[in-house]
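This is what each chain is made of:
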Amino acid sequence: MPEQANPFESLQAQIDDAAAHLDVAEDVIERLKHPERVLETNLTVEMDDGSLERFVAFRSQFNGDRGPYKGGIRYHPDVTRDEVKALSGWMTYKTATVDIPLGGGKGGIVIDPSEYSESELERVTRAFAKELRPLIGEDRDIPAPDVNTGQREMNWIKDTYETLENTTEPGVITGKNLASGGSEGRVEATGRSTVIAAREAFDYLGKDLEGATVAVQGYGNAGWISAKLIDEMGATVVAASDSSGGIYNPDGFDPVAAKQHKNETGSVVGYDEAEEEITNEDVLTLDVDLLIPAALENAVDGDLAEDVTADVISEAANGPLTPAADRVLAETDTIIVPDILANAGGVTVSYFEWVQNRQRFYWSEEKVNEELEAIIVDAFDALVETYEEKDLETFREAAYVVAIQRVVDAYEEAGSFP
Ligand code: NAD
């Protein structure tokens, strides 16, 4: 069982590591280690049988120095206040890493959505949207999907907000479906940036992506799209997993067919092109060229990291490696493209969605993908420049150095109030 690092402490440790390479006063760094505010609310919602049930929900607004708070809403039974705070901090440094004019926020409801009907989930979501209403808005805080939420929940939140505000403001939320003001390319965006980042890392190492072997842990939105796109780039997906277990075929398998199998049966396990069943831990430690962790935080701890052999890890998930795992892997040649760059495609196309909503003018999928490619490649180049210039130990440190400096610059330019 991997060590359960407190994600908020992990975030703060990452900021401290990066701050050691920056010429920024300690009191300013202290400010950057804590959210500006956190909403904790109890939602009392009527169930289909007429009974009432209470759900705890959070929204953390971590930092707005560079623009409105931005970040997803997660539905999961293990959501905690510290997890939401950490995720909102990672959003702050993610939007800064890719240099889009947004801050960082995150929300979550402590709920296992598989135990509730669609109408119950709609009432829970609308109750949360009502609580969020004074805090959100297209110039204030713009939520988005995360684990176990998607276009359906985003449309409910938008509709609740617009109804209560008596307005039309599609830019209050992103990750909507196209009919409600969503963007082309949003669904694929996180997987797309994960594989662009992996491709750049292979280039940096002088390694060929063509024929490289890939393992993907987690086969939801981020994981399966990464698998599909990396396969299209010529790599070979040999292993994948979800919460029910893992599958493996050393000769590779069709990631789209594996997804179809998961759609039909609920899991990748049992997909007949990859008959060998392996554990989730095996997927993380297979002898592959590229590992894409795309499930939840803390998937790899210090002990498991000893057995990780991939040359490149592109973090589709947020915080998949504990700080102890990072320390172990820093001693090896493994290149880790950190979450705040690798999975930033989601928030970048959310930003494009918001831009399009505000302009009431919509882009083609081709334009979205071109703009995304440019932003991720620029962010990767800035990371490598800082990594080399400052002779840093890891790409993660380099990303935080770049991002923290950008947030500090915005804060110091603005001066403090009051
Ligand atoms: P999702 O709910 O669509 O998929 C999660 C997947 O992980 C599922 O297949 C689930 O079965 C699997 N999983 C859960 N526990 C597992 C375990 N112990 N081992 C293996 N698999 C396990 O969620 P998602 O949107 O793909 O998000 C996955 C990660 O990517 C999260 O960390 C999320 O914060 C991050 N992320 C997502 C987006 C996005 O746009 N979807 C953007 C940025 C970051």
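Residues numbered from 1 in each chain as written. Predicted model: local features only at pLDDT ≥ 70, side-chain atom pairs only at ≥ 80, totals over all residues. Heavy atoms only, no water.

**Quick word on helix H13 (residues 345–359)**
Thinking step 1. Here H13 contains 15 residues, and its C-alpha end-to-end distance of 21 Å stays within 8% of the 21 Å for a straight helix at 1.5 Å per residue.
Thinking step 2. The buried fraction of H13 amounts to 13 of the 15 residues, a majority that puts the element mostly inside the structure.
Thinking step 3. Immediately beyond the C-terminal end of H13, within one or two residues, lies Arg360, with a positive phi of roughly 55°. (Helix = DSSP H or I, 4+ residues; strand = E, 2+ residues; numbered from the N terminus. Expected span 1.5 Å × (residues − 1). Buried < 20%, exposed > 50% of the residue type's maximum accessible area, 1.4 Å probe, protein only.)

**A short note on the site of the ligand**
Thinking step 1. Every one of the 23 residues lining the ligand counts as a neighbour, but Thr190, Asn221, Ala222, Asn280 and Asn318 are closest to it.
Thinking step 2. Measuring from an oxygen atom of the ligand, one finds a backbone N or O atom of Asn221 at 3.0 Å.
Thinking step 3. Its free accessible area being 830 Å², the ligand has 82% of it covered by the protein chains.
Thinking step 4. Looking at the shell around the ligand, the elements with two or more residues in it are helix H6 (186–205), helix H7 (221–232) and strand S7 (236–242).
Thinking step 5. In terms of residue class, the shell around the ligand is made up of seven nonpolar, 11 polar and five charged. (Near = heavy atom within 4 Å. Polar contact = N/O pair within 3.5 Å; in protein donor to acceptor, adjacent residues only side chain to side chain. Areas by Shrake-Rupley, 256 points an atom, 1.4 Å probe, with all protein chains shown as cover. Nonpolar A, V, L, I, M, F, W, Y, C, P; charged D, E, K, R; others polar.)

**Notes on the packing of aromatic side chains**
Thinking step 1. Counted by the stated rule, this structure contains 10 aromatic pairs.
Thinking step 2. With centroids separated by 6.3 Å and ring planes inclined at 75°, the aromatic side chains of Phe62 and Tyr93 adopt a geometry described as edge-to-face. One end of the pair, Phe62, is in strand S2 (residues 52–63); the other, Tyr93, is in helix H3 (residues 81–97), with 31 residues separating them in the sequence. Each member of the pair, Phe62 as well as Tyr93, is classed as buried.
Thinking step 3. Pairing Phe253 with Tyr271 gives two aromatic rings, centres 5.8 Å apart and planes at 75°, and the pair type is edge-to-face. Of this pair, Phe253 sits in the loop between strand S8 (245–248) and helix H8 (255–265) while Tyr271 sits in the loop between H8 and strand S9 (276–278), and the two are 18 residues apart along the sequence. In terms of burial, Phe253 and Tyr271 fall into one category: buried.
Thinking step 4. These aromatic residues form a ring-pair network of at least three members: Tyr204, Phe380, Tyr387 and Phe395.
Thinking step 5. Its end group placed over the ring of Phe8, Lys85 keeps NZ or CZ at 4.4 Å from the ring centre.
Thinking step 6. Across the ring face of Trp363, the terminal group of Lys367 is positioned such that the distance to the ring centre comes to 4.7 Å. (Phe/Tyr/Trp six-rings, centres within 6.5 Å; stacked < 30°, edge-to-face > 60°. Lys NZ or Arg CZ within 6 Å of the ring centre and 35° of its normal.)

**Brief notes about the pairing of strand S10 (residues 290–293)**
Thinking step 1. Both faces of S10 are covered, namely the face carrying Leu290 and Ile292 and the face carrying Leu291 and Pro293.
Thinking step 2. In this structure, strand S6 (residues 213–217) lies alongside S10, joined through four bridges in parallel fashion. Along S10, the bridge assignment pairs Val214 with Leu290.
Thinking step 3. Strand direction decides the pairing type here: S10 and strand S11 (residues 312–314), joined by two bridges, are parallel. By the bridge assignment for S11, Leu290 is matched with Val312. (Pairing = 2+ DSSP bridges.)

**Let's talk about the environment of Val237**
Thinking step 1. Looking at the element boundaries, Val237 is found in strand S7.
Thinking step 2. A C-alpha to C-alpha distance of 6.5 Å links Val237 and Ala227, two positions 10 residues apart in sequence.
Thinking step 3. Residues within four places of Val237 in sequence aside, it is in contact with Val214, Ala227, Ile230, Asp231, Gly252, Phe253 and Pro255. (Contact = heavy atoms within 4.5 Å.)

**A short note on the packing of helix H4 (residues 118–132) against helix H5 (residues 151–165)**
Thinking step 1. Packing of H4 against H5 leaves a shortest axis separation of 9 Å and a crossing angle of 50°. When the interaxial angle is binned, H4 and H5 end up oblique. Crossing geometry of H4 relative to H5 is assigned as right-handed. Seen from H4, the contacting residues are Glu118, Leu121, Glu122, Thr125, Arg126, Ala129 and Lys130; seen from H5, they are Arg152, Glu153, Trp156, Ile157, Asp159, Thr160 and Leu164.
Thinking step 2. For the contact of H4 with H5, the class distribution of residues is five nonpolar, two polar and seven charged. (Axes fitted to C-alpha atoms, helices over the stretch in contact; angles between N-to-C directions. Parallel < 35°, antiparallel > 145°, perpendicular 65-115°, else oblique. Left-handed = near helix turned anticlockwise from the far one by under 90°.)

**Quick notes on the sheet that holds S10**
Thinking step 1. Taken in spatial order, the seven strands of this open sheet run S9-S8-S7-S6-S10-S11-S12, and their pairing is mixed. Strand pairing shows two members of the sheet lacking a second neighbour, S9 and strand S12 (335–337), which therefore form its edges. Pairs of neighbouring strands in the sheet enclose a mean axial angle of 20°, with direction left out of account.

**A word on the domain arrangement of the protein**
Thinking step 1. Looking at the protein, the domain boundaries give domain 1 (36–171) and domain 2 (189–342).
Thinking step 2. One C-alpha centre belongs to domain 1, the other to domain 2; they are set 28 Å apart.
Thinking step 3. Domain 1 puts 11 residues into the contact, and the matching count from domain 2 is seven residues.
Thinking step 4. Roughly 780 Å² is buried in total at the junction of domain 1 and domain 2, and carbon and sulfur atoms are behind 60% of that figure.
Thinking step 5. Of all residues in domain 1, Trp90, Lys94 and Thr97 bury the most surface against domain 2, accounting for 52% of the area lost on that side. (Domains from an automatic or database assignment. Buried area = accessible area lost by both parts, 1.4 Å probe.)

**Thoughts on the environment of Glu365**
Thinking step 1. One can find Glu365 in helix H14 (residues 365–389).
Thinking step 2. Of the residues examined, Glu365 reaches a relative accessible area of 34% and is grouped as partly exposed.
Thinking step 3. Measuring from C-alpha to C-alpha, the distance between Glu365 and Gly185 comes to 5.5 Å, with 180 residues separating the pair along the chain.
Thinking step 4. Those residues in contact with Glu365 that sit more than four places away from it in its chain are Glu184, Gly185 and Glu188.

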